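Next come the chains, spelled out residue by residue.
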Amino acid sequence: MSAQTRNYTGAAPSLSVTTSLNKKFDLNILATSKIELQEKTGKQLSYQPQTLEVYVQGLLTYSINQRWHFSGGYGFQRNNPFLGNWRNENRLVQQVIFSIPNKQWMIYHRLRFEERWFSYPEAATNFGTRARYQFGFVHQLHSGKAYWQISEEAYFIPSGKRNAFFSENWLYTGIAFALRHAGHIEIGIGYDSNITPSHNISNLALFQLGWSYMIKAHDKNMMHAVIRNRQF
């Protein structure tokens, strides 16, 4: 049987708060969610609008310089949070970012590795790992009062239960605006393509709206936390 492709639309709100501990370390708390907004019916199956997942992450970052950043932290995700077939995930995160900065733009590469522990309502717990690679470009607009970003991220499952080795792909573009004394507002569109447990292809187009706030920054040229810690 050939794979089916299903297309959906949704929203992805996010909240990011960062504090700069000193010139080398900063701590970020990130909360995000995926919400499917489109009702879809096909082949005697009905797909209702629902919250697909909620995710909370804490990440500590060490910046060697403007080019190299190393991070580690913990994340918790709950899939289908309001349904009986929920799935909880506890996650350890390690990542490295290499960036090429310029006065008006920046190119960056992010490699992230995750150890993931899963639990289910009526099934045994299991463990797996995931590797993610993201490539992104950021361009400052209006003298740094806004910026435009585009990024591509690929997901791989080296071990544990998986739908496919190359399991997911994310394409994102958005614009962020600086608010006076109130952080940044970011508006964008994400396109998530992933392999489902039935080996079909699910495409989710997401309207993304995020707010980020930096409590203090020792280095005015530091990479913006939304770029470094983006979950999607």
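See the structure printed just above.
Residues numbered from 1 in each chain as written. Predicted model: local features only at pLDDT ≥ 70, side-chain atom pairs only at ≥ 80, totals over all residues. Heavy atoms only, no water.

Novice: Even after reading the chapter, I still don't get the overall build of the chain, so can you show me in this structure?
Specialist: Along the chain, the regular secondary structure elements total one helix and 13 strands. In the chain, the succession of helices and strands from N to C terminus is β-β-β-β-β-β-β-β-β-β-β-β-β-α. Relative to its full complement of 232 residues, the chain shows a buried share of 41%. Summarising the internal contacts of the chain: among those between residues at least 6 apart in sequence, 53% fall at separations of at least 24. (Helix = DSSP H or I, 4+ residues; strand = E, 2+ residues; numbered from the N terminus. Buried < 20%, exposed > 50% of the residue type's maximum accessible area, 1.4 Å probe, protein only. Contact = heavy atoms within 4.5 Å.)

Novice: Even after reading the chapter, I still don't get the nonpolar core, so can you show me in this structure?
Specialist: General note: in soluble globular proteins, nonpolar side chains tend to be found buried as a group. Grouped together as the largest cluster of nonpolar side chains are seven residues: Tyr-8, Ala-12, Leu-52, Tyr-155, Trp-170, Leu-204 and Leu-206. Of all the secondary-structure elements, those providing two or more residues to this core are strand 1 (5-20) and strand 13 (201-214). With six residues, the next largest nonpolar core counts Ile-97, Met-106, Tyr-108 and Tyr-147 among its residues. (Core = buried A, V, L, I, M, F, W, Y, C linked by side-chain atoms within 4.5 Å.)

Novice: For this particular structure, what's the right way to read the pairing of strand 9 (residues 123-141)?
Specialist: As defined by bridge partners, strand 8 (residues 105-120) adjoins strand 9 across 15 bridges and the pair is classed as antiparallel. Residue pairing for strand 9: Trp-117 is matched across the bridge by Phe-127. Counted along the chain from strand 8 to the antiparallel partner strand 9, the turn is two residues long. Here strand 9 runs beside strand 10 (residues 146-159); their pairing, made up of 12 bridges, is antiparallel. By the bridge assignment for strand 10, Gln-134 is matched with Glu-153. Counting the residues in the hairpin turn of strand 9 and strand 10 gives four residues, including His-142, whose phi is positive at 55°. (Pairing = 2+ DSSP bridges.)

Novice: Mind showing me how you'd approach a nonpolar patch on the surface here?
Specialist: Taken together, the side chains of Leu-21, Phe-25, Leu-27, Ile-29, Val-56, Leu-60, Tyr-62, Ile-64, Trp-68 and Phe-70 make up a nonpolar region of the molecular surface, amounting to roughly 830 Å² of accessible area. Put simply, the parts of the chain that give the nonpolar patch at least two residues each are strand 2 (25-36), strand 5 (50-63) and strand 6 (68-79). As for its position among the elements, Ile-29 is in strand 2. Judged by its relative accessible area of 43%, Ile-29 is partly exposed. (Patch = residues over 30% accessible without salt bridge, like charges linked within 9 Å, V, L, I, M, F, W, Y side chains within 5 Å. Areas by Shrake-Rupley, 256 points an atom, 1.4 Å probe, with all protein chains shown as cover. Salt bridge = Lys/Arg side-chain N within 4 Å of Asp/Glu carboxyl O.)

Novice: What exactly am I supposed to notice about the layout of surface pockets here?
Specialist: Approximately 1,400 Å³ is the volume found for the largest pocket. In terms of lining residues, the largest pocket is bounded by 42 residues, among which Asn-79, Arg-87, Asn-163, Asn-194 and Pro-197 are the most central. For the lining of the largest pocket, the per-class residue count stands at 15 nonpolar, 15 polar and 12 charged. (1 Å grid on protein atoms, 1.4 Å probe; cavity = no way out; pocket = protein on both sides within 12 Å on 5 of 7 lines; lining within 4 Å. Points joined across faces, edges and corners; volume = space filled by probe spheres on them. Nonpolar A, V, L, I, M, F, W, Y, C, P; charged D, E, K, R; others polar.)

Novice: Help me understand the pattern of salt bridges, please; the structure alone is not making it clear to me.
Specialist: Proximity of charged atoms lets side chains of opposite charge pair with each other. Taken as a whole and assessed by the stated rule, the structure comprises 10 salt bridges. Ionic pairing is found between Arg-91 and Glu-114, a salt bridge with its closest N-O pair at 3.5 Å. Placement of the pair is Arg-91 in strand 7 (residues 87-101) and Glu-114 in strand 8, with a sequence separation of 23 residues. No difference in accessibility class separates Arg-91 from Glu-114, as the two residues are buried. Between Glu-114 and Arg-132 there is a salt bridge; the shortest N-O distance is 2.8 Å. Residue Glu-114 is found in strand 8, and its partner Arg-132 is found in strand 9; the two are separated by 18 residues along the sequence. Exposure class is identical for Glu-114 and Arg-132. Each is buried. Salt bridges here are not isolated pairs; linked through shared partners, they connect Glu-89, Arg-91, Arg-110, Arg-112, Glu-114, Arg-116, Arg-130, Arg-132 and Glu-153.

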